[in-house]
Amino acid sequence: MAQRAPSRRSPTPAELRAWRTFIEVSEDLRAAMSRRLQDDSGLSTGDYSVLLALSEQPGRRIRSSELAEQVGWERSRLSHHLGRMEGRGLIAREDCATDSRGAEIVLTAAGADAFRRSNGPHLHAIREQFLDALTPQQLAALDEAMLAVRAHRPVAPAGAKA
């Protein structure tokens, strides 16, 4: 994968068109997927991100600071969101067994059930809204391009969302 040298020249019309298309399609796709998730399961994309991260953890539990890093949110945003999820019975906060100052976020049975019910429709929406629009070659090229963009960007501090 070749790195392009930084350039101080202004973007060309074709480069600006590609950028604008990327932004518009990304925002439209995110909004459509968010609506579908909400309609299909009653979960927000934030709920789904938290439930996914918890479902992948041993014991379905994780320290809140690690969860914030995994979902790419600032701690204050996560704390408010977790409060709402806890009120709906999707997660619980428990004292950390290894650190009396810390708390662990735990996936409840209701949260696991909500995640399980949402997963099929969500994966179907990914296929319908995104994957079915691309050939295998286009998908591979898009993946390669997005990995190159990720590798090119500077590393953000923990908890920061660029």
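Sequence order sets the numbering: in each chain, residues are counted from 1 along the sequence as written. Two thresholds apply to this predicted model, a pLDDT of at least 70 for residue-level local features and 80 or more for giving and counting side-chain atom pairs, whereas whole-chain, interface and lining totals are computed over all residues. Based on all heavy atoms of the structure, the side-chain values leave hydrogens and waters out of the count.

Novice: Now, about the pattern of salt bridges: what can you tell me, with residues and values included?
Specialist: Side-chain pairs of opposite charge can arise whenever the charged atoms involved come near each other. The working definition used for a salt bridge is a side-chain nitrogen of Lys or Arg within 4 Å of a carboxyl oxygen of Asp or Glu. Counting across every chain of the model gives 11 salt bridges. Arg9 is paired through a salt bridge with Glu15; the nearest N and O atoms lie 3.1 Å apart. Relative accessible area decides the class of each residue, using a 1.4 Å probe on protein chains only: under 20% of the type maximum gives buried, over 50% gives exposed, and in between gives partly exposed. Under the relative-accessibility criterion, Glu15 is labelled partly exposed at 29%. With its nearest N and O atoms 2.9 Å apart, the salt bridge here joins Asp47 to Arg88. With a gap of 41 residues between them, Asp47 in helix 2 (residues 45-55) and Arg88 in the loop between helix 4 (75-87) and strand 2 (91-95) connect regions that are remote in the sequence. By relative accessible area, Asp47 is classed as buried at 2%. Overall, Arg88 belongs to the partly exposed group, its relative accessible area being 43%. It is possible to trace a salt-bridge network through shared partners that takes in Arg36, Asp40 and Glu128. Secondary structure elements are taken from DSSP: a helix is a run of H or I of four residues or more, a strand is a run of E of two residues or more, and numbering for both begins at the N terminus.

Novice: Tell me about the sheet that holds strand 2, residues and numbers included.
Specialist: Within the open sheet, the three strands sit side by side as 1-3-2. Their pairing is antiparallel. The strands lining the two open edges of the sheet, one partner per strand, are strand 1 (61-63) and strand 2. The sheet shows a mean angle of 30° between the axes of neighbouring strands, direction not considered. Here the rule is simple: two strands pair whenever DSSP picks up at least two bridges between them. With three bridges joining them, strand 1 and strand 3 (residues 103-107) adopt antiparallel strand pairing. If you follow Arg61 over to strand 3, its bridge partner there is Val106. For helices, the fitted line uses only the C-alpha atoms of the stretch in contact; every axis is such a line through C-alpha atoms, and the angle between N-to-C directions lies from 0 to 180 degrees.

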